[in-house]
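Structure assessment
Here is how the chains run, residue by residue.
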Amino acid sequence: MARIAIVTGGTRGIGEAISLALKAQGCTVVANYAGNEEKAKAFTAETGIRAYRWDVGDHQACIAGCAQVAEEVGPIDIVVNNAGITRDGVLHRMSFEDWNEVMRINLGGCFNMVKATFPAMRERGWGRVVNIGSINGQAGQYGQVNYAAAKSGIHGFTKALAQEGAKYGVTVNAIAPGYIDTDMVAAVPQPVLDKIIAKIPVGRLGHADEIARGVAFLCSENAGFVTGSTLSMNGGQHMY
Ligand code: NDP
């Protein structure tokens, strides 16, 4: 039986590449998204992967959405917590709303999704959770106290939950990508980006499918002895 995987923010950017990599690995994949209907429809038409719209920062929406997926597709074996946003600004200009929204979606979304899926994985004795952190959660980044705190929180969340899943065949790992050529990074002004690229030893941005291959490994049968780890995929920018 094919494993059933859900990828949050799975219809574009890194999430789209993850959805495709898991499908190529033989999983039945479902993608979640927040509101970009046009992209989600095109994604489903191109890939045949079903897309479900809900806000991962909304606890009840995650519970209801995952229950709907379980009913329509089958029990969820794999969760990839990829959905994330930025609301950058230096602290003295950052609003409470921008702090809270990033914590609610980037970190709260991980809690909400595993709350909806982890107990059943434990009962079935097999599961995979992969949380997408960030180099900026490891190293910090000017103008991102909200994002860096949420992503850093993901790494602690991963290690704690890994301990709860280990005995039950459920692994929990994180990937900390460096700078990847998606819409999120396209929003960074070019002069800033040039300075960032100059600090990446491999001399370029990463590609979404490079991150997806790491996720696919962590979700595979072969990764059963890997849990509580963070895989840094950043072209050597931060050796952690
Ligand atoms: P994009 O901005 O390209 O895509 C974000 C995806 O997340 C979209 O599918 C979006 O849905 C979805 N999303 C956003 N908010 C919500 C929400 N509340 N509920 C459900 N889905 C949501 O991001 P990237 O592909 O660049 O990033 C993916 C992940 O990787 C993020 O967690 C990001 O923090 C992390 N990351 C990215 C890096 C990079 O360089 N790009 C570096 C390090 C980490 P919709 O399409 O409907 O808007």
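My aim in this report is to walk through the structure given alongside it, one point at a time. (Residues numbered from 1 in each chain as written. Predicted model: local features only at pLDDT ≥ 70, side-chain atom pairs only at ≥ 80, totals over all residues. Heavy atoms only, no water.)

Strand order in this open sheet of seven strands is S3-S2-S1-S4-S5-S6-S7, and the pairing throughout is parallel. Across the chains shown, the open sheet's two edge strands, defined by having one partner strand only, are strand S3 (50–53) and strand S7 (230–233). Strand-to-strand twist in this sheet, taken as the mean axis angle between neighbours without regard to direction, amounts to 20°. Note that strand S1 (residues 4–7) and strand S2 (residues 28–33) share four bridges and pair parallel. Opposite Ile6, over in S2, you have Val30 as the bridge partner. Each of S1, strand S4 (78–81), strand S5 (127–132) and strand S6 (170–177) touches helix H4 (residues 96–124); the most contacted strand, S4, lies at about 170° to it. Its contacts with the sheet place helix H9 (residues 208–218) against S4, S5, S6 and S7, and it is angled at close to 165° to S6. (Pairing = 2+ DSSP bridges. Helix = DSSP H or I, 4+ residues; strand = E, 2+ residues; numbered from the N terminus. Axes fitted to C-alpha atoms, helices over the stretch in contact; angles between N-to-C directions. Contact = heavy atoms within 4.5 Å.)

On to H9. If you check which residues of H9 are buried, you get Ala208, Ile211, Ala212, Gly214, Val215, Ala216 and Leu218. Where H9 is buried, its residues meet helix H1 (13–24), S4, S5, S6 and S7. (Buried < 20%, exposed > 50% of the residue type's maximum accessible area, 1.4 Å probe, protein only.)

Let us look at the packing of H1 against helix H2 (residues 37–47). Where H1 contacts H2, the axes come no closer than 12 Å and their chain directions differ by 20°. Classified by the interaxial angle, the pair formed by H1 and H2 is roughly parallel. Between H1 and H2 lies a crossing of right-handed hand. On H2, the residues touching Glu16, Ser19, Leu20 and Lys23 of H1 are Lys39, Phe43 and Thr47. (Parallel < 35°, antiparallel > 145°, perpendicular 65-115°, else oblique. Left-handed = near helix turned anticlockwise from the far one by under 90°.)

Further remarks concern the nonpolar core. Ile6, Trp54, Val56, Val69, Met113 and Phe118 are the most contacted members of the largest nonpolar core, which totals 29 residues. Looking at this core, the elements that each hand over two or more residues are helix H3 (59–72), H4, helix H6 (145–165) and S6. It is H4 that contributes the most residues to this core, eight residues altogether. In contact with Val69, other than residues within four places in its own chain, are Ile6, Val30, Tyr52, Trp54, Gly74 and Ile76. The next biggest cluster of nonpolar side chains, apart from the first, holds 26 residues, and it includes Val29, Val80, Ile211 and Cys219. (Core = buried A, V, L, I, M, F, W, Y, C linked by side-chain atoms within 4.5 Å.)

Another point: the site of the ligand. Neighbouring the ligand are 31 residues, the closest being Arg12, Gly35, Asn82, Tyr147 and Thr182. Take Gly9: an N or O atom from its main chain is 3.4 Å from an oxygen atom of the ligand. Here Ile14 contributes a backbone N or O atom positioned 2.8 Å from an oxygen atom of the ligand. When residues of the shell around the ligand are traced back to their parent elements, those giving at least two are H1, S2, H6 and helix H7 (183–186). When residues of the shell around the ligand are assigned to their parent elements, the largest contribution, three residues, is made by H7. Considering only residue class, the shell around the ligand consists of 15 nonpolar, twelve polar and four charged. (Near = heavy atom within 4 Å. Polar contact = N/O pair within 3.5 Å; in protein donor to acceptor, adjacent residues only side chain to side chain. Nonpolar A, V, L, I, M, F, W, Y, C, P; charged D, E, K, R; others polar.)

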